[in-house]
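Here's the letter readout for the chains.
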Amino acid sequence: MIMQNFIYGMLALVFFILLVILVISLLKHINTPDKFPSTAKVTLIGMLLTALLATLPGFFLNTNSKNTSDKNIISPQQTTQLPRSVISGPDLATCNVKDRRNPETFFSGKLRVGIKGNIPKWSFGPLENPIGFDVDLAKFLKRYLNDTYGYDFDLEYKRLDSHQRAQALHDGCVDLVIANYSMTQGRDKGTLKEPAVDFAGPYFLDKSGWVYNNTKLPPSYNGVTPLPSTRSVCFVSTATTANDIEKCTAIKQDPSDNILECEKKLANPRSDVTAIISDISILAAYSSEYKWPYPPVAPVTCDKNKKELLNNDEKYGVGVQDDSPELCNVLNGAISAFIKNSDGWGKAFDDNFENTVLNLNKNENDYNENDHSPHKPIKNNKDVSLNSNCWHEVN
């Protein structure tokens, strides 16, 4: 590149000198316009040759560069095909797809589990020793699969952002994803933005809820949407809640990258963000961990004319690579045991959410279809048998 610029500079200088000579020659013969001076003819030829030469360095240098470094050049088309999970950081530097047709070999060696890693009560702390409900599920799966099938493997946690989960599974950067992963038809079938994934589960049912800053609202506001037209709600742009909010035309939207960014806007008196919408359990966990000074998390509707919830159920599942029926069969058995066993779901919930504002119906006999708090994905512990197949939404 330096040599190319130098050649271009020299040619431009020569061209300028020739131009000066041409102008001087023409001025000398201004009184005899019928005779075109020979000096001017030669100068014009020189200028044409200089212009021609100016095109050659770029051609030869670019050709040489192309021949020597094609392998290092990434075209725009190639960039879109690169795994986003690999591009994003060192946590996912090594990717290889395991044989998902054989659970015995799949659940061996190191099992790479994708977690959020930054959500209190769910998965939080250093990757060497994270804590949270999703982490407790991963540990239970390890114990159960070892006790039941003799599968011997070690857990290795990988941090994933929401937009990375499907791609990381597809590329073999992780083997399982346990990361507040809502089971939806779009994720099950795939989209233009994300490859399809399979789900085992669900292992947790959640609801859409919100927290709002009452200091930004009139004293008469009762916590029922919609907000005043000058106010907006913040939400994570990659979450399933984002799709639901788009249906609520009465709500002014302010998408962000994560919940903590939303909370900064919520706390800022100069921001028009007055509420955060997400899953109730996630908001409750953040509120408890960071001591948010706002009213308790509550369900949210689109507007006063719609009594139904923004999203009635968020079904959290364990994500596996697409077309993995053998893995779903094994994992669904383990998740069923997690829900039923005394050292499973109930203990994980108590250990992580006991000090939050969640109001869980822990007695499944008191299960209420209209209850808006997170709960187990079954009505009765005596009937714990998830479908052995991978989850698919029924239209």
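Residues numbered from 1 in each chain as written. Predicted model: local features only at pLDDT ≥ 70, side-chain atom pairs only at ≥ 80, totals over all residues. Heavy atoms only, no water.

Draft legend 1. Local environment of helix α12 (residues 325–340). Here α12 is 16 residues long and its end C-alpha atoms lie 23 Å apart, about the 22 Å a rise of 1.5 Å per residue gives. Burial in α12 covers these residues: Leu327, Cys328, Val330, Leu331, Asn332, Ala334, Ile335, Ser336, Ala337, Phe338 and Ile339. On its buried side, α12 packs onto α5 (103–106), α6 (133–149), β5 (176–177), β6 (197–206), β12 (314–321) and α13 (345–353). (Helix = DSSP H or I, 4+ residues; strand = E, 2+ residues; numbered from the N terminus. Expected span 1.5 Å × (residues − 1). Buried < 20%, exposed > 50% of the residue type's maximum accessible area, 1.4 Å probe, protein only. Contact = heavy atoms within 4.5 Å.)

Draft legend 2. Examining a nonpolar patch on the surface more closely. Together, Met10, Leu13, Phe16, Ile17, Val20, Ile21 and Ile24 make up a nonpolar patch on the protein surface, roughly 620 Å² of accessible area in all. Relative to the helices and strands, Phe16 is located in helix α1 (residues 2–28). Residue classification places Phe16 among the exposed residues on the basis of a relative accessible area of 54%. (Patch = residues over 30% accessible without salt bridge, like charges linked within 9 Å, V, L, I, M, F, W, Y side chains within 5 Å. Areas by Shrake-Rupley, 256 points an atom, 1.4 Å probe, with all protein chains shown as cover. Salt bridge = Lys/Arg side-chain N within 4 Å of Asp/Glu carboxyl O.)

Draft legend 3. Region of the structure containing the packing of aromatic side chains. In the structure shown here, the tally under the stated rule is 25 aromatic pairs. Note on Trp122 and Phe133: the rings are 5.2 Å apart at their centroids and 65 degrees apart in plane angle, and the pair reads as edge-to-face. Of this pair, Trp122 sits in the loop between β2 (118–119) and β3 (123–124) while Phe133 sits in helix α6; the two residues are 11 residues apart in sequence, bridging distant segments of the chain. Judged by centre distance (5.4 Å) and plane angle (75 degrees), the ring pair of Trp122 and Tyr316 falls under edge-to-face. Here Trp122, found in the loop between β2 and β3, pairs with Tyr316, found in strand β12; they are 194 residues apart in sequence, far enough to count as distant. Through successive ring pairs, a cluster of aromatic residues spans Trp122, Phe133, Phe140, Tyr144, Tyr203, Phe204, Tyr316, Phe338, Trp345, Phe349 and Phe353. Taking NZ or CZ as reference, Lys98 lies 5.6 Å from the ring centre of Phe106, over its face. (Phe/Tyr/Trp six-rings, centres within 6.5 Å; stacked < 30°, edge-to-face > 60°. Lys NZ or Arg CZ within 6 Å of the ring centre and 35° of its normal.)

Draft legend 4. Here's a closer look at the packing of α6 against α12. Contact pair α6 / α12: the axes reach a minimum separation of 9 Å and the direction vectors enclose 115 degrees. Considering the angle they form, α6 stands roughly perpendicular to α12. The crossing of α6 and α12 is right-handed. Along the contact surface, α6 presents Phe133, Asp136, Leu137, Phe140, Leu141, Tyr144, Leu145 and Tyr149, while α12 presents Val330, Leu331, Gly333, Ala334, Ile335, Ala337 and Phe338. In the contact of α6 with α12, the residues fall into 13 nonpolar, 1 polar and 1 charged. (Axes fitted to C-alpha atoms, helices over the stretch in contact; angles between N-to-C directions. Parallel < 35°, antiparallel > 145°, perpendicular 65-115°, else oblique. Left-handed = near helix turned anticlockwise from the far one by under 90°. Nonpolar A, V, L, I, M, F, W, Y, C, P; charged D, E, K, R; others polar.)

Draft legend 5. Structural view of the pattern of salt bridges. Across all of its chains, the model carries 12 salt bridges by this definition. Of the charged contacts, one joins Arg101 and Asp323 as a salt bridge, the two residues approaching to 2.6 Å between their closest N and O atoms. With a gap of 222 residues between them, Arg101 in the loop between α4 (84–87) and α5 and Asp323 in the loop between β12 and α12 connect regions that are remote in the sequence. Since its relative accessible area comes to 39%, Arg101 is described here as partly exposed.

Draft legend 6. Summary view of the sheet that holds strand β9 (residues 253–256). An order of β9-β8-β10-β7-β11 is seen for the 5 strands of this open sheet, with the pairing classed as mixed. Two strands close off the open sheet at either side, each with one partner strand: β9 and β11 (298–299). Here strand β7 (residues 208–212) pairs with β11 via 2 bridges, running antiparallel. Bridged to Trp210 within β11 is Ala298. Those strands touched by helix α10 (residues 259–267) are β7, β8 (232–236), β9 and β10 (273–279), and its axis lies near 155 degrees from that of β10. (Pairing = 2+ DSSP bridges.)

Draft legend 7. Highlighting the nonpolar core. Formed by 58 residues in total, the largest nonpolar core has its most connected members in Phe107, Trp122, Phe133, Tyr203 and Val318. If you tally residues by element for this core, the top one is α12, at 9 residues. (Core = buried A, V, L, I, M, F, W, Y, C linked by side-chain atoms within 4.5 Å.)

Draft legend 8. Geometry of the state of the cysteines. For the structure shown, the criterion picks out 3 disulfides. Each sulfur of the disulfide joining Cys234 and Cys262 lies 2.1 Å from the other. Negative torsions about the S-S bond denote left-handed disulfides, and the value of about -75 degrees found for Cys234 with Cys262 makes this one left-handed. Residue Cys234 is located in strand β8, and its partner Cys262 is located in helix α10; the two are separated by 28 residues in the primary sequence. Here Cys234 matches Cys262 in class, with each residue buried. (Disulfide = S-S within 2.5 Å.)

Draft legend 9. Main features of the environment of Glu128. With respect to the secondary-structure elements, Glu128 resides in the loop between β3 and α6. Judged by its relative accessible area of 70%, Glu128 is exposed. With 28 residues separating them along the chain, Glu128 and Glu156 place their C-alpha atoms 7.9 Å apart.

Draft legend 10. Summary view of the pairing of β12. Counting buried residues along β12, 7 of its 8 residues qualify, which places the element largely inside the surrounding structure. For β6 and β12, the ladder comprises 7 bridges, and the chain directions are antiparallel. The residue bridging Phe204 from the neighbouring strand is Tyr316, located in β12.

Draft legend 11. Inspection of the confidence of the model for the protein chain at higher detail. On average, the protein chain scores 76 in pLDDT, and the residues at 70 or more come to 66%. Note that residues 58–90 has pLDDT below 50 and, in this model, 27 contacts with residues that lie over four places away or in other chains. Of the regions scoring below 50 in pLDDT, residues 359–370 engages in 22 contacts with residues more than four places distant in sequence or in other chains. (pLDDT = per-residue confidence, 0-100.)

Draft legend 12. Representation of α6 in the model. Taking 1.5 Å per residue, 17 residues should reach 24 Å; α6 reaches 24 Å between its end C-alpha atoms and fits that length. Along α6, the positions that sit buried rather than exposed are Phe133, Asp134, Val135, Leu137, Ala138, Phe140, Leu141, Tyr144 and Leu145. Contacts made by the buried residues of α6 are with β3, β4 (153–159), β6, β12, α12 and α13. Gly150, located one to two residues past α6, shows a positive phi value of around 80 degrees.

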